[in-house]
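A look at the structure
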Amino acid sequence: MKPLWRLLGLFRPYAGWMLLGILVSLVTLLANVALMAMSGWFISAMALAGVAGVSMNYFTPAAVIRACAILRTGGRYGERLLTHEATFRLLAQLRGWFYTHLEPLAPARLQHYRGGDLLSRIRADIDTLDHLYLRILLPVAVAIPALLVFMLFLYQYSPRLLLVELLFLLLAGFVVPWLVMVAGRQPGQEKVQLSAEMRATAVDTVQGLGELLVYGAAERQARELNRLSESLVASQQRLSHLSGFSQGAVGLCANLALWLMVVILIPWVNAGTVPPADLAMLALFTLASFEAVAPLPLAFQSLGETLAAAGRIFAIVDTEPAVSDSGDPDLTPDRFDIDFQGVALRYSSDAAPVLRDIDLRIAAGSKVAVVGATGSGKSSLINLLLRFWPVSAGTITLGGHALEHYSLEGLRSQFAVVPQQPHLFHTTIRQNLLLARPEATEDELVAACRRAQLDDFIQQLPEGLDTIAGETGLKLSGGQARRIAIARALLKDAPVLIMDEPTEGIDVAAGARLMQTLFDTLGQRTLLMISHSMTGLELMDRIIVMEEGRIIEQGTLSELRARGGRFARLYASSRTMDAALDRERAGQVPAETARADHS
Ligand SMILES: Nc1ncnc2c1ncn2[C@@H]1O[C@H](COP(=O)(O)OP(=O)(O)OP(=O)(O)O)[C@@H](O)[C@H]1O
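Residues numbered from 1 in each chain as written. Predicted model: local features only at pLDDT ≥ 70, side-chain atom pairs only at ≥ 80, totals over all residues.

The name given to the chain in an unreviewed UniProt entry is Cysteine ABC transporter permease, with the source organism recorded as Sedimenticola thiotaurini.

This is the structure:
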């Protein structure tokens, strides 16, 4: 129940709208019950007056009936308007609130979640939370005062009538909902879990469709989706059965109450203690009064689902970000030298360190490459520099200040990054570029594309920069997508440019040309380049060689080659491979031969 109280706390800013919605719903309900009761009384009284041949004032009851009908119609409209206004405002606030908690968790704390699962939490779980007001709070808050009014009214006639009505209203409004809640808790939670799992698997399936088809695993994946879908349908069926049972039970209670009332009232009418027209009035009143409790079984049934969704949302919201954002937002570096001192990194406390004893100084304006085998820890250096992860030991400074002294936004604004797997959004190439600097002019866009050697490609496109890149850049080749990411980073014009494998997916000759153009235009900006390939290393001021999380060598290209160490061997073999691949591309040697030569 704790999530329930926390949710109510979030609803507080909309308490006014919500209370107004409850008030109008209550008035509408009372108007409807009064309308039914008055109509019963009026029709019977008119019929009896006709039979007895006496005249009666029908203006006043007709006016009251009309007033109740107008109140009911207007009330229903107002009720929908107010309750939905409250819900939509609430949903909008909940999404924003959830996003502000989600954002600082990226990427360190979110890497264990599947993309589809997060999507589910943002969309479906938040939507489910609106049930709390519309399906749960509202009906309960309306039912309680309505029952009090009904009891007061019946008390005028007889405590016995009151007891009968109360008994059946409590049965329909509390016992049936309680049973439904107990029986619905498990399928409700299962429904939330399975829907999330189903969405995550569906997203995975669509994204990996190519691989699934190539490896003949599409059918297996389809079976998995079917299995999830069947389990989901089974839990939905159980919930539907419960909902059917509860509706039937409420109807039964209403009819039993009506029947008992009539059984009690007939002798009283015969004895003349109750006027005959009141019999019809009380009968219709009894039936109509069950409208107050009819939504309660669904309310209680939704509680399990709502609490499960709230639990999933709070699980994210309560996660501590991996790095704190407690730095000074006004602190900006006046120089851009970067210093790693005794830095170590473990991705989790029980994992082995992936970086150890890193002492590295990158002078402002220098061009530094980090090379090393796969998994040697190159990209992890960037994760630390951007404060995606906290250091496990040591310190990193920028311009003489520890990174933690900057606000995250202030720190990250000093870097332009081409990540290892750049993400392109499903929008135009222009919008993908403008992400880095929304106010960039057309000339600046064109210049950035030229520097990333993207201009020829863009000119060939009928729609130029306004071509849609496709989801995650799917309509582009790997090399084109990477060049867009490079152009985007160049557009940002930050003092430090970080490029993780900038020439990946680009052939050796074009990669060398790209690196040369980049160098010619970088000016005083610092460049930190991570690379497997040896392309462009001759342009660098310093090369850092990493192995198993440590820096094992550093120097200029000629120094390292002359030293004859690990780098020199790597460099020699890579040059042979590059030459073979270039011959392969030029069609001089079959691909297999080129690779066999190399191995
Ligand atoms: N987010 C992460 N969570 C846990 N472990 C990670 C994470 N990222 C990297 N690692 C681990 O840290 C080690 C170093 O990875 P890193 O990506 O820094 O290497 P790299 O030298 O950049 O490799 P590559 O050249 O293949 O990109 C690897 O063993 C990797 O499995």
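1. A closer look at the domain arrangement of the chain
It is common to give the size of an interface as the accessible area that goes away when the parts come together. Per the domain assignment, the segments of the chain are domain 1 (2-317) and domain 2 (338-567). Between domain 1 and domain 2, the C-alpha centre-to-centre distance is 55 Å. (Domains from an automatic or database assignment.)

2. Re the packing of helix α5 (residues 131-155) against helix α6 (residues 159-207)
Packed helices, taken two at a time, are described by the angle their axes make and the gap between the axes. The geometry of α5 relative to α6 is characterised by a closest axis approach of 8 Å and an angle of 160 degrees between their N-to-C directions. With respect to α6, the axis of α5 lies roughly antiparallel. In the crossing of α5 with α6, the sense of the turn from one axis to the other is right-handed. Contacts between α5 and α6 pair A143, L147, F150, M151, L154 and Y155 from the former with P159, L161, L162, E165, L166, L169 and G173 from the latter. Its residues placed into classes, the contact of α5 with α6 shows 11 nonpolar, 1 polar and 1 charged. (Axes fitted to C-alpha atoms, helices over the stretch in contact; angles between N-to-C directions. Helix = DSSP H or I, 4+ residues; strand = E, 2+ residues; numbered from the N terminus. Parallel < 35°, antiparallel > 145°, perpendicular 65-115°, else oblique. Left-handed = near helix turned anticlockwise from the far one by under 90°. Contact = placed C-beta atoms within 7 Å. Nonpolar A, V, L, I, M, F, W, Y, C, P; charged D, E, K, R; others polar.)

3. Thoughts on the pairing of strand β8 (residues 526-531)
Counting buried residues along β8, 6 of its 6 residues qualify, which places the element largely inside the surrounding structure. Burial along β8 is two-sided: T526, L528 and I530 facing one way and L527, M529 and S531 facing the other are all buried. As paired elements, strand β3 (residues 367-372) and β8 share 5 bridges and run parallel to each other. Bridging across to β8, V371 finds its partner in S531. By the bridge criterion, 5 bridges tie strand β7 (residues 496-500) to β8 in an arrangement that is parallel. Across the sheet, residue V496 finds its bridge partner in β8, namely T526. (Buried ≥ 20, exposed ≤ 12 C-beta atoms within 10 Å, placed from the backbone. Pairing = 2+ DSSP bridges.)

4. Topic: the confidence of the model for the chain
Across the chain, the average pLDDT comes to 89, with 95% of residues at 70 or higher. No element of the chain has a lower mean pLDDT than helix α20 (residues 591-598), which averages 42, and none a higher one than strand β1 (residues 338-345), which averages 97. Contacts for the low-pLDDT stretch residues 589-599, under 50 throughout, to residues beyond four places or in other chains number 13 contacts. Among the prediction metrics, the complex's ipTM stands at 0.97, with pTM recorded as 0.76. (pLDDT = per-residue confidence, 0-100.)

5. Digging into unusual backbone geometry
Excluding glycine, most residues fall at negative phi; most peptide bonds, likewise, are trans. A106 connects to P107 through a cis peptide bond whose omega is -10 degrees. Relative to the elements of secondary structure, P107 occurs in the loop between α3 (59-102) and α4 (115-129). Notably, D357 is not glycine yet its phi reads approximately 45 degrees, a positive angle. At R387, a position not held by glycine, the phi torsion is positive, near 55 degrees.

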